[in-house]
Amino acid sequence: MDELSTIIIATVAGFCAAFIGSIPAAGPISALIFQRALSRQTRQAYLLIGGLATAELFLASACALALSAMQGILASWMVYAEGALTVLLFAVAVYLWRQAPQQLKEQAPAVDES
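Keep in mind it's a predicted model, so treat the numbers as computed, not measured. (Residues numbered from 1 in each chain as written. Predicted model: local features only at pLDDT ≥ 70, side-chain atom pairs only at ≥ 80, totals over all residues. Heavy atoms only, no water.)

**Q** Is there a simple way to think about the overall build of the chain in this case?
**A** Across its full length, the chain holds four helices and zero strands. Along the chain direction, N to C, the helices and strands of the chain fall in the order α-α-α-α. Total accessible area on the chain stands at roughly 9800 Å², and carbon and sulfur atoms take up 71% of it. (Helix = DSSP H or I, 4+ residues; strand = E, 2+ residues; numbered from the N terminus. Areas by Shrake-Rupley, 256 points an atom, 1.4 Å probe, with all protein chains shown as cover.)

Shown next, in the form of C-alpha cells:
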C-alpha cells in the first residue's frame, strides 16, 4: 500500500470510530428529554436538545483546539481561544442562570391563598 491509501484508510476508520463513539448512551438528559416529549412538552424537549447540542459543540471545539495546539498548529492562538471559550461559556451560564427562575415560576402550580 502506498502512503495515500494508508492515510485514507486511517481517516475513514477514525471517522467511523468517532461517529460510533459519539452516540450517547441513555443517560439522565436523554431520560429527561424523553419524559418531556411523552408529556407533550415538546418546546422544552427541543430546548433541552438544543442546549445539549450546544454543549457538545463547545466540547468538540475545545477538544479540536487542544489537539491542534498539541500538534503545534495553533500554539500561539491557544491562549486567545481558551479565553474566548471561557468568556462564551460564562455568558451562557449567566444567561441560563437568569432564565431559570422565570421558567420555574411559569411552571409552578398555582397556590390558593384563601
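Right, picking up where we left off after that structure.
**Q** What should I look at first to understand unusual backbone geometry in this one?
**A** Only a minority of non-glycine residues have a phi that is not negative, and only a minority of peptide bonds are not trans. With phi around 60 degrees, Arg-40 is a residue other than glycine that occupies positive phi space. Its place among the elements puts Arg-40 in the loop between α2 (28–38) and α3 (42–70).

**Q** When you look at the confidence of the model for the chain in this model, what are you seeing that I'm missing?
**A** Here the chain shows a mean pLDDT of 75. Residues at 70 or above account for 73%. Within the chain, α2 carries the highest mean pLDDT (79), whereas helix α1 (residues 3–21) carries the lowest (74). (pLDDT = per-residue confidence, 0-100.)

**Q** How should I be thinking about a nonpolar patch on the surface in this particular structure?
**A** Together, Leu-88, Val-92, Tyr-95 and Leu-96 line one region of the surface with nonpolar side chains, adding up to about 370 Å² of accessible area. Mapped onto the elements, Tyr-95 comes out in helix α4 (residues 78–107). Residue classification places Tyr-95 among the exposed positions, given a relative accessible area of 51%. (Patch = residues over 30% accessible without salt bridge, like charges linked within 9 Å, V, L, I, M, F, W, Y side chains within 5 Å. Salt bridge = Lys/Arg side-chain N within 4 Å of Asp/Glu carboxyl O. Buried < 20%, exposed > 50% of the residue type's maximum accessible area, 1.4 Å probe, protein only.)

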